[in-house]
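# Architecture and fold: a report
Read off the chains here:
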Amino acid sequence: MFLMPIEDVFRRNQARRTLLTGCITRGQVAPGDELEVVGFGTRTTVTVAAIEAHRRGLAEAHEGMNVGLSMHGVAADAAVRGQVLAAPGSIREHTRFAADITLLSEEQGATTLHTGSRLQFHIGTAVVTGTITLTGSTDALHPLHTGPATITLAHPVPLEPAQPFAFRHGARAAGSATVTHLPT
């Protein structure tokens with residue numbers, strides 16, 4: 001199943017197409033394939049018109065390639081960094097989910113986290129604020145420790161089980177985490 005986080009969006013006036021760039025996380029794509037732009041509360045169906053890599057046209061692209069996908073059916077302002085291009089119906093958005101959190105050391109920027117701590121989450125190419133609720137038997141998570149938490153995001157983002165992500169506290173890197181459970 002195809003998946004590509006959107007890194008940048010360009011409008012091509014002469015061709016009346018929108019170019020979405022990123023690195024393909026999984027699957028393959030060819031011109032004529034139908035995909036969905038998913039994220040931040042939107043889901044739009046689009047069609048791949050052409051594929052470019054290093055200013056060359058390609059007949060197909062696959063996992064690991066950095067590409068630009070020229071799209072029909074999406075306005076330049078309808079797609080933004082942080083959304084994903086995915087096979088239709090293959091991924092869902094979430095604002096609340098469970099994760100295992102690992103904090104960095106104090107020297108690396110981590111501080112003690114409590115329930116209600118506001119963090120900046122870096123999920124794929126999306127950057128979204130949110131809060132944590134520590135679960136289990138702990139009321140605080142200290143640097144260099146790991147623990148379970150429920151995360152509530154300000155905006156819905158596409159998520160999958162076992163997806164890794166990072167987070168910041170203030171202006172400093174604080175730790176990393178892995179999605180453990182998504183509501184159905």
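Refer to the preceding data block for the structure.
Report follows, based on the coordinates. Bear in mind that the values here come from a model prediction, so they are computed numbers and not experimental data. (Residues numbered from 1 in each chain as written. Predicted model: local features only at pLDDT ≥ 70, side-chain atom pairs only at ≥ 80, totals over all residues. Heavy atoms only, no water.)

### Overview of the overall build of the protein
The cut-off we apply is this: Numbering of helices and strands runs from the N terminus; a helix is a DSSP stretch of H or I covering at least four residues, while a strand is a stretch of E covering at least two. Working rule for contacts: check all heavy atoms of both residues, and any pair within 4.5 Å makes them a contact.
Of regular secondary structure, the protein possesses zero helices and 18 strands. Sequence separation of 24 or more characterises 64% of the internal contacts of the protein that already satisfy a separation of 6 or more.

### What to know about the sheet that holds strand E13 (residues 118–123)
The condition that has to hold: Here, a strand pair is defined by DSSP locating no fewer than two bridges between the strands. Whenever a helix is involved, its axis is fitted only over the stretch in contact; in every case the axis is a line through C-alpha atoms, and angles between N-to-C directions fall within 0 to 180 degrees.
Spatially, six strands are ordered E11-E16-E14-E13-E17-E18 in a closed barrel, and the strand pairing comes out antiparallel. Geometrically, the sheet is characterised by an average inter-axis angle of 40° between neighbouring strands, direction not taken into account. Bridging between strand E14 (residues 126–134) and strand E16 (residues 146–159) involves five bridges; their strand directions are antiparallel. Across the sheet, residue Thr 133 finds its bridge partner in E16, namely Thr 150.

### A few points about the nonpolar core
Rules: To form a nonpolar core, buried Ala, Val, Leu, Ile, Met, Phe, Trp, Tyr and Cys residues must be joined to one another through side-chain atoms within 4.5 Å. Burial classes: relative accessible area under 20% of the type maximum marks a residue as buried, over 50% as exposed, and values in between as partly exposed (1.4 Å probe, protein chains only).
One finds Phe 97, Phe 121, Phe 165 and Phe 167 to be the most contacted residues of the largest nonpolar core, which totals 25 residues. For this core, the secondary-structure elements that each account for two or more residues are strand E11 (92–103), E13, E14, E16, strand E17 (164–169) and strand E18 (172–181). The biggest single contributor to this core is E16, with five residues. Non-local contacts of Phe 121, meaning those with residues more than four positions away in its chain, are made with Ala 126, Val 127, Val 128, Thr 129, Gly 130, Thr 131, Ile 132, Ile 151, Leu 153, Phe 165, Ala 166 and Phe 167. If you look at the next biggest cluster of nonpolar residues, it comprises 21 residues, including Val 37, Val 46, Val 48 and Ala 61.

### Section: the pairing of E16
As paired strands, E11 and E16 are joined by ten bridges and run antiparallel to one another. Directly across from Ala 98, in E16, lies its bridge partner Thr 150.

### Observations concerning the packing of aromatic side chains
We count it as follows: Whether two aromatic rings pair depends on their centres lying within 6.5 Å, for rings of Phe, Tyr and Trp, where Trp uses its six-membered ring; planes under 30 degrees apart make the pair stacked, over 60 edge-to-face, and the rest tilted.
Applying the stated criterion to the full structure yields three aromatic pairs. Centre to centre, the rings of Phe 97 and Phe 165 are 5.8 Å apart; their planes meet at 80°, and the pair counts as edge-to-face. Here Phe 97 is found in strand E11, whereas its partner Phe 165 is found in strand E17, with 68 residues between them in sequence. Classification of Phe 97 as buried rests on a relative accessible area of 2%.

### Concerning the side chain of Gln 163
Assignment of secondary structure puts Gln 163 in the loop between E16 and E17. Residue contacts for Gln 163: discarding those within four places in its chain leaves Ile 123, Gly 124, Pro 158, Ala 177, Thr 178 and Val 179.

### Describing the environment of Ile 101
Tracing the backbone through its elements, the reader meets Ile 101 in strand E11. In this structure, the C-alpha to C-alpha distance between Ile 101 and Arg 17, residues 84 residues apart in sequence, is 41 Å. Beyond its immediate stretch of four places on either side in the chain, Ile 101 contacts Ile 132, Leu 141, His 145, Thr 146, Gly 147, Ala 149, Phe 167, Ser 176 and Ala 177.

### Looking at unusual backbone geometry
What you tend to see is this: most non-glycine residues have negative phi, and most peptide bonds are trans. One non-glycine residue with positive phi stands out, namely His 54, at about 55°. As for its position among the elements, His 54 is in the loop between strand E6 (42–53) and strand E7 (56–58). Judged by relative accessible area, which is 76%, His 54 ranks as exposed. In this structure, Leu 144 is a non-glycine residue whose phi angle is positive, near 70°. Within the secondary structure, Leu 144 is located in the loop between strand E15 (140–141) and E16.

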